[in-house]
Amino acid sequence: MKKILVILPKNGEGIPIMEGFANGFELNKLRVMRKIVDELSSEHIENFKPDIIFVYEYSFLIDKNCVQIVNNSDCKNLVCYFTHEPQAKSALGNNPNLYNELKKIKPKVFIWDKDFCEGFKNSTYLPLAINPKKYMSDFSGYKYSISFVGSPLGEVCQKVLCELVKVFKGKLNIFSEEKDFLRSIEKIKEKELLDEEDLEIYSNCQRGFVEKEEDLAKIYNSSRINLNITSQGKSSINYRVFEVLASGGFLISDEREDLGKYFEISKHLETYKNTADLIDKINFYLNNLNIAQKIAQLGKSKVTANHTFSARAKIVEKAAL
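As the structure is a prediction and not an experimental result, all values here were calculated from the model. Every residue gets a number counted from 1 within its own chain, in the order that chain's sequence is written. Given that the model is predicted, a residue must reach a pLDDT of at least 70 before its local features are reported, and side-chain atom pairs must reach 80 or more before they are shown or counted; all residues, however, enter totals for whole chains, interfaces and linings. As a rule here, side-chain values come from all non-hydrogen atoms in the structure, and water together with hydrogens is ignored.

Asker: Lay out the overall build of the chain with the relevant residues and their values.
Answerer: Runs of H or I in DSSP of at least four residues are treated as helices and runs of E of at least two as strands, each being numbered from the N terminus. A count of helices and strands for the chain gives 15 helices and eleven strands. A globule of 321 residues ought to have a C-alpha radius of gyration of about 20 Å, and the chain, at 21 Å, matches this closely. Along the first, second and third principal axes, the C-alpha atoms of the chain reach 60 × 40 × 30 Å. Put simply, the chain has 321 residues, and 54% of those count as buried. Nonlocal contacts in the chain, meaning residues at least 24 apart in sequence, comprise 72% of its contacts between residues at least 6 apart. Here the chain holds 46 positive side-chain charges and 44 negative ones, and the gap between their average locations is 6 Å. Both definitions apply: the radius of gyration is a C-alpha atom measure, and the globule rule equals 2.2 Å times residues to the power 0.38. Burial classes: relative accessible area under 20% of the type maximum marks a residue as buried, over 50% as exposed, and values in between as partly exposed (1.4 Å probe, protein chains only). Pairs of residues are marked as contacts when any of their non-hydrogen atoms sit within 4.5 Å. In this charge count, Lys and Arg are treated as positive and Asp and Glu as negative; neither His nor the chain ends contribute. Charge positions come from single atoms, namely NZ of Lys, CZ of Arg, CG of Asp or CD of Glu.

As C-alpha cells, this is what we get:
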C-alpha cells in the first residue's frame, strides 16, 4: 500500500482543501498520515516512510524546522498544491523569497489555475474539487434571499455588493469575518459607494463568520440565490463554486473561462457578465424559484459525479510516483 504524508497548514483556507485531498487519497486506498506543519518531526517521516509528501503552497517553507525535515527525508516525491497565484502576496505573505526557495527544491507543483503554471518548471493544472459528504444538507426551506460568503473586500467585490444593496435593500446577507466586514464599511465610506441610508442597510447585512462545512452547507442550501465573486486567478474556478453546488444550493457566479468547460451554464449554475446582468438574473430567479431549484439539483449531481477530491487525488498520485 502506497503511503502519503499530508502536511497541513496551521490555519486558513488551505486546511479544508488539504483535508479533502487526504480523504481522497484514503478513498483511493492509500495510507495517509496527516500532520500540521509545526507538529511534524523527523521520527514521523522515519517511522512512516512516505512515498509522497503533499504540502499546501509555501506553508512548509515558512516553518524552518519542517523544511529541514522534508529536505533531509528519504522521500523524493514532494508535491505542492496552489490555490493562489504563486507570486502573489496572498500566497507569499511577507516573504517574497519563498517563490525562489521552492523553485530550488523543484517539487512537482499542481496549480488550480492554468494561467500560473508557467512559473514552475514541473507544474500541472489541477482544478479544485469537493468532498460531497462534508456538504450534505437536507433542504428545510429558504431562510435567506441572496447570500454572499467570503471577504467583502476588494474593489470589484465591494462595487457589486453595494449595487445589490441599492437594488435589493435588506435581501443581501454577507457571511464574513467581522474584521473584514468592518474594514469594508470603512472602504465604502472612503469611496462614497453608498449614501448614508444604504450604508446603514449594508452595515446590517453581516451574518457572522462560518467555518464548519456542515454550517456552510445549510446556508447555501437555504439561500434562494448564492453569489460568487471570484477574487483569485484568471480563468479557473474557486472553492466556493464546488461548495455551493455540493450543498444543493443555487449559484450565480461571475463568468470564468473554466466554468463553461466543466459545467453547462444555466443548467448546473448561472453566470453574470456585469452588475446589470447580475441584477436582471437575480430578479428572474427570485421570481422563478422552481427553475433555480432544478438547476441546483443538476449542479449537485454534476459535482458529486465529476469533481471529487478522490478523482483529483488519483491524478496527483499518478504524476508523483
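Asker: A description of helix 13 (residues 275-286) should follow, citing residues and the corresponding values.
Answerer: Counted at 1.5 Å a residue, the expected span for helix 13 with its twelve residues is 16 Å, and the 16 Å between its end C-alpha atoms agrees. Those residues of helix 13 lying buried are Asp277, Leu278, Ile279, Ile282, Tyr285 and Leu286. One less than the number of residues in a helix, times 1.5 Å, gives the span that helix is expected to have.

Asker: Describe in detail the sheet that holds strand 4 (residues 78-82), supporting the description with residues and values.
Answerer: A pair of strands counts as paired when DSSP detects no fewer than two bridges linking them. Read from one edge to the other, the open sheet built from six strands follows the order 2-1-3-4-5-6, with strand pairing classed as parallel. Strands at the two margins of the open sheet, each flanked by one partner only, are strand 2 (31-36) and strand 6 (123-125). Taken over all neighbouring pairs, the strand axes of this sheet differ in orientation by 20° on average, direction set aside. As paired elements, strand 1 (residues 3-8) and strand 2 share six bridges and run parallel to each other. Residue pairing across strands places Ile4 opposite Val32, the latter belonging to strand 2. Every axis corresponds to a line fitted to the C-alpha atoms, with the helix fit spanning only the stretch in contact, and the corresponding angles, defined between N-to-C directions, vary from 0 to 180 degrees.

Asker: Before we move on, could you go through the pattern of salt bridges and cite the residues and values that matter?
Answerer: When a carboxyl oxygen of Asp or Glu lies within 4 Å of a side-chain nitrogen of Lys or Arg, that pair is called a salt bridge. Within this structure, the stated rule accounts for 18 salt bridges. One salt bridge connects Lys179 with Asp180, and the closest N-O pair in it is separated by 3.4 Å. According to the relative accessible area criterion, Asp180 is buried, its value standing at 14%. The structure contains a network of salt bridges with shared partners spanning Lys114, Glu257, Asp258 and Lys261.

Asker: Kindly report on helix 11 (residues 239-246), identifying the contributing residues and their values.
Answerer: Within helix 11, seven of the eight residues are buried, leaving the element largely enclosed by the surrounding structure. Within helix 11 the residues assigned to the buried category are Tyr239, Val241, Phe242, Glu243, Val244, Leu245 and Ala246. Residue Gly248 follows helix 11 closely and has a positive phi angle near 85°.

Asker: If you had to explain the pairing of strand 10 (residues 251-254) to someone new, which residues and values would you point to?
Answerer: The side chains of a regular strand alternate, residue by residue, between the two faces of the sheet. Pairing geometry for strand 9 (residues 223-228) and strand 10, over three bridges, is parallel. Along strand 10, the bridge assignment pairs Leu227 with Ile252. When the strands point away from the viewer, a crossover counts as right-handed if the route from the first strand across the helix to the second turns clockwise. As for the winding sense of the linkage, the β-α-β connection from strand 9 through helix 11 to strand 10 is right-handed. Bridge count for strand 10 against strand 11 (residues 270-272) is three bridges, and the pairing is parallel. Following the sheet pairing, Ile252 is matched in strand 11 by Glu270.

Asker: Describe the sheet that holds strand 8 (residues 172-175), and please don't skip the residues or the numbers.
Answerer: Ordered in space as 8-7-9-10-11, the five strands form an open sheet in which the pairing is parallel. Every other strand in the sheet has two partners, leaving strand 8 and strand 11 as the edge strands with one partner each. Here the average twist between neighbouring strands, direction ignored, is 25°. Where helix 11 meets the sheet, its contacts fall on strand 7 (144-149), strand 9 and strand 10, and the angle it forms with strand 10 comes to roughly 170°.

Asker: Account for the environment of Cys162, with residues named and values stated.
Answerer: Among the secondary structure elements, Cys162 is positioned in helix 7 (residues 155-168). Along the sequence, Cys162 and Leu199 sit 37 residues apart, while their C-alpha atoms lie 8.5 Å from each other. Those residues in contact with Cys162 that sit more than four places away from it in its chain are Ile188, Leu193 and Leu194.

Asker: Just give me the short version of the environment of Val303, but keep the residues and values in it.
Answerer: Topologically, Val303 is positioned in helix 14 (residues 289-306). Taking relative accessible area as the criterion, Val303 reaches 0% and is therefore assigned buried. As for Val303 and Pro127, which are separated by 176 residues in sequence, their C-alpha atoms are 12 Å apart. Aside from chain neighbours lying at most four places away, what touches Val303 is Ile130, Phe242, Leu245, Ala246, Phe263 and Thr308.

Asker: So, unusual backbone geometry: which residues are in play, and what are the values?
Answerer: Positive phi, normally seen in glycine, also occurs at Lys169, with a value near 50°. As for its placement among the helices and strands, Lys169 is situated in the loop between helix 7 and strand 8. We note that Ser266 has phi near 75°; this positive angle belongs to a residue other than glycine.

Asker: Describe a negative patch on the surface, and please don't skip the residues or the numbers.
Answerer: To count toward a patch, a residue needs a relative accessible area over 30% and no salt bridge; like charges are then connected within 9 Å, while nonpolar side chains (Val, Leu, Ile, Met, Phe, Trp, Tyr) are connected within 5 Å. To measure how exposed things are, a 1.4 Å probe is used in the Shrake-Rupley method; for residues, cover is taken only from the protein chains shown. A contiguous patch of negative charge on the surface is contributed by Asp195, Glu196, Glu197 and Glu200. One can find Glu196 in helix 9 (residues 196-203). Classification of Glu196 as exposed rests on a relative accessible area of 72%.

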